Amino acid sequence: MGIALRNTETWKLLEKHYLEIKDIHLRSLFENDRSRGRNLVIKDIGVYFDYSKNRITGKTIDLLIRLARERGLESRRDEMFAGEKINVTEERAVLHTALRVPVGSVVMSDGRNVVPDVLTVLEKMSAFSEKIRNGEWKGHTGKPIKNIVNIGIGGSDLGPVMAYEALKNYSMRSLVFRFVSNVDSSDFYEAVEDLSPEETLFIISSKTFTTLETMTNAHTARKWSLSKLGDPSAVARHFVAVSTNEKEVIKFGIDPLNMFGFWDWVGGRYSMSSAIGLSTMIAVGPETYYRMLNGLHQMDEHFRTAPLDKNIPVIMGLLGIWYNNFFGTQTQAVFPYDKYLHRFPAYLQQLTMESNGKNVTLDGDKTDYQTGAIYWGEPGTNGQHSFYQLLHQGTKLIPADFIGFMKPLNNLPPHQDYLIANLIAQGEALAFGKTEEEVKAEGVSNALTPHKVFEGNRPSSTFLLDKLSPENLGKLIAMYEHSVFVQAVIWDINPFDQMGVELGKVLAKNIIPELQDTAMTLSHDGSTNELINYYRKNRLND
Ligand code: G6Q
């Protein structure tokens, strides 16, 4: 990229503008503009995005959009959708958007239309899902499958588990779903403890099919199955694979006929709409799964075509830049007011932090500005009774996203109104707080008054959607995916690699034999050597 970010004129203008705005209270922004709550809203594809409670003016948005244009956001976005190799460090295209295009679309990668391949895998997944759901697929002893265990980690786990939980209301309740990710044996043990191997199908989800955690769990699963089923040929009825690595799948003993493929242009954390979604499809059925894909695609199209100032992921991404780089905030909270989205913040943590937790630009230069925020969150209203205190009266500024749905999936009056009243009230309290005068007017003593004052001026955005439908889940996922991309373009970093997870993996592989063979000489640093020695002395059986 040409000129370094902080040297651009627009960046300098934003720095100046920050000084103008930093002490302005949201109270006065709203007092001075009665239509702010209507104007700073984007309504499109069924998403109501209210960003009026952010510490911005029209000028802030104009400057941020100017920055986005200068950084080439529109052309970078078009390159992504066109299948150019924008993941430069891995020399790969980034085409998760091709996984959810309508039948008949054309998306080229390396001179080849990838859509027919995508559809072929989707059809294979649909046929298989139906067979499991209608009991046609029998286990080795002739019993239908009742339990589905997805074994995978990172991108091969967080998407499936989040989507299963989010869409549980649409799932086939007679099937049991479990997700094993951790190499901690308790994870596998607890997942299968009450299951019968005769009725259990394992989906080994691994793009590479070499990941230590997943392969260890997969081998344990095979032992567990065969300990009951005896015959190794049982693997064919109880194990399927989702992977890009056919060679390793065959080596493990899974018939390629029972393998669901995807491609190197699908990154792990962007893979939940690939065959990695097999467990989701079995849970909710192909039709509901296609509805989720449709929602993802609607948001892709919105991102691809909406003008930048009416573009939800663009505005979200730019607000993140505004807080992170000018207000100096460290974190971004996400609060879904829906129990079914309880794994959504964990899913977003990988999406956002593995993508934008980078400190060098595409050219390999060290960034002299902050990049990815720390994402965190919990479903409302639980968070209100624990950590929201710090948001309201702590010393840190934490922008928050509130996500809510108009219609509950389980209508038990008056729960829904109470839930949404809380969501709306939190944004209001954060923004406007409670002044000293207001506290005093309630007859509070002078001594207690400072404790009861809420400064306010704490920013939030609110997303309202009709209900937690499969389409709307898809929209929310793609919305965050694209906001991550917007930020990466501004910061000139690669959001599609994850070199930062490698070092720990390599070091763990070195340490494994050192734990197992106590005669091995240790040549780590003083602390690491002592930790290994302590473990060697105190491990197991004593
Ligand atoms: C995601 C990362 C990472 C990956 C896991 C699992 O973007 O690449 O989280 O998904 O390490 O990898 P496999 O699917 O290859 O087992």
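The structure displayed is predicted, hence computed values, not measured ones.

Asks: What should I look at first to understand helix α6 (residues 115–133) in this one?
Replies: Along an α-helix, residues three or four positions apart point the same way, because every turn accommodates 3.6 residues. The terminal C-alpha atoms of α6, which comprises 19 residues, lie 26 Å apart, in line with the 27 Å expected from a rise of 1.5 Å per residue. Where α6 is concerned, the buried positions are Val115, Val118, Leu119, Val121, Leu122, Met125, Ser126, Phe128, Ser129 and Ile132. Following α6 by one or two positions, Gly135 adopts a phi angle in the positive range, close to 80 degrees.

Asks: Even after reading the chapter, I still don't get unusual backbone geometry, so can you show me in this structure?
Replies: With glycine set apart, most residues show a phi of negative sign, and most peptide bonds adopt trans. Omega for the peptide link from Gly380 to Thr381 comes to 0 degrees, which places this bond in the cis form. Relative to the elements of secondary structure, Thr381 occurs in the loop between β11 (374–376) and α16 (388–393). In this chain, Pro413 is followed by Pro414 through a cis amide linkage whose omega measures 5 degrees. Along the chain, Pro414 turns up in the loop between β12 (400–407) and α17 (415–432). If you check the backbone angles, Glu91 has positive phi at about 50 degrees while not being a glycine. By secondary structure assignment, the location of Glu91 is in the loop between α5 (73–81) and β3 (108–109). Its relative accessible area of 62% is what places Glu91 among the exposed residues. One non-glycine residue, Asp492, adopts positive backbone phi at about 60 degrees. By the secondary structure assignment, Asp492 is in the loop between α20 (470–491) and α21 (502–516).

Asks: Explain the site of the ligand to me, please; I cannot follow it from the model alone.
Replies: Taken together, 13 residues form the shell around the ligand, and within it Ser156, Ser206, Thr208, Thr211 and Gln350 come nearest. Side-chain polar atom of Thr208 to an oxygen atom of the ligand: 2.6 Å apart, as the coordinates give it. Arg269 places a side-chain nitrogen or oxygen 2.7 Å from an oxygen atom of the ligand. Protein chains shield 88% of the accessible area of the ligand, which is 400 Å² for the free molecule.

Asks: Is there a simple way to think about the packing of helix α4 (residues 58–70) against helix α14 (residues 312–327) in this case?
Replies: Between two packed helices, what matters for the description is the angle formed by their axes and the separation of those axes. One can describe the packing of α4 onto α14 by two numbers: an axis separation of 10 Å at closest approach and a directional angle of 100 degrees. As far as their axial angle goes, α14 and α4 are roughly perpendicular. Each of Thr60, Ile61, Leu64, Ile65 and Ala68 in α4 lies in contact with α14, whose residues at this interface are Ile315, Leu318 and Trp322. A per-class count over the contact of α4 with α14 returns seven nonpolar, one polar and no charged.

Asks: Is there a simple way to think about the nonpolar core in this case?
Replies: Buried together is how nonpolar side chains tend to be arranged in soluble globular proteins. Grouped together as the largest cluster of nonpolar side chains are 117 residues, with contacts concentrated most on Trp265, Trp322, Phe344, Phe463, Leu473 and Tyr480. By residue number, the principal contributor to this core is α20, which donates 13 residues. With residues up to four places along the chain from it excluded, the contact list for Trp265 reads Ala93, Val94, Leu95, His96, Ala98, Leu99, Ser109, Val114 and Val118. Met215, Leu226, Ala241 and Ile254 belong to the second largest nonpolar core, which has 24 residues in total.

Asks: Any chance you could explain the packing of helix α1 (residues 9–21) against α4 here in plain terms?
Replies: Packing of α1 against α4 brings their axes to within 10 Å, and their N-to-C directions diverge by 160 degrees. As far as their axial angle goes, α4 and α1 are roughly antiparallel. For the crossing formed where α1 meets α4, the hand is left-handed. Judged by residue contacts, Glu9, Thr10, Trp11, Leu13, Leu14, His17, Glu20 and Ile21 of α1 engage Lys59, Thr60, Leu63, Leu64, Arg66, Leu67 and Glu70 from α4. Grouping the constituent residues of the contact of α1 with α4 by class yields seven nonpolar, three polar and five charged.

Asks: Can you walk me through helix α13 (residues 286–305) in this structure?
Replies: Helix length check: α13, at 20 residues, gives a terminal C-alpha distance of 28 Å against a target of 28 Å (1.5 Å per residue), a fit within 8%. Within α13, the full set of buried residues consists of Pro286, Thr288, Tyr289, Met292, Leu293, Gly295, Leu296, His297, Met299, Asp300, His302 and Phe303.

Asks: Is there a simple way to explain the packing of aromatic side chains in this structure?
Replies: Geometry of an aromatic ring pair is reported as the spacing of the ring centres plus the angle between the planes. The final tally for this structure, using the stated rule, is 34 aromatic pairs. On the basis of an interplanar angle of 20 degrees and a centroid distance of 6.2 Å, the ring pair of Phe188 and Phe202 is categorised as stacked. Placement of Phe188 in helix α8 (residues 185–192) and of Phe202 in strand β7 (residues 200–205) is noted, with a sequence separation of 14 residues between them. Residue classification places Phe188 among the buried positions, given a relative accessible area of 6%. A relative accessible area of 0% means that Phe202 is categorised as buried. Connected via pairs of aromatic rings, a cluster forms that spans Trp11, Tyr18, Trp322, Tyr323, Phe326, Phe327 and Tyr369. Between Arg222 and the ring centre of Phe252, over which it is positioned, the NZ or CZ distance is 4.4 Å. The ring of Trp137 carries the charged tip of Arg237 above its face, separated from the ring centre by 4.0 Å.

What counts, and at which threshold
Residues numbered from 1 in each chain as written. Predicted model: local features only at pLDDT ≥ 70, side-chain atom pairs only at ≥ 80, totals over all residues. Heavy atoms only, no water. Helix = DSSP H or I, 4+ residues; strand = E, 2+ residues; numbered from the N terminus. Expected span 1.5 Å × (residues − 1). Buried < 20%, exposed > 50% of the residue type's maximum accessible area, 1.4 Å probe, protein only. Near = heavy atom within 4 Å. Polar contact = N/O pair within 3.5 Å; in protein donor to acceptor, adjacent residues only side chain to side chain. Areas by Shrake-Rupley, 256 points an atom, 1.4 Å probe, with all protein chains shown as cover. Axes fitted to C-alpha atoms, helices over the stretch in contact; angles between N-to-C directions. Parallel < 35°, antiparallel > 145°, perpendicular 65-115°, else oblique. Contact = heavy atoms within 4.5 Å. Nonpolar A, V, L, I, M, F, W, Y, C, P; charged D, E, K, R; others polar. Core = buried A, V, L, I, M, F, W, Y, C linked by side-chain atoms within 4.5 Å. Left-handed = near helix turned anticlockwise from the far one by under 90°. Phe/Tyr/Trp six-rings, centres within 6.5 Å; stacked < 30°, edge-to-face > 60°. Lys NZ or Arg CZ within 6 Å of the ring centre and 35° of its normal.

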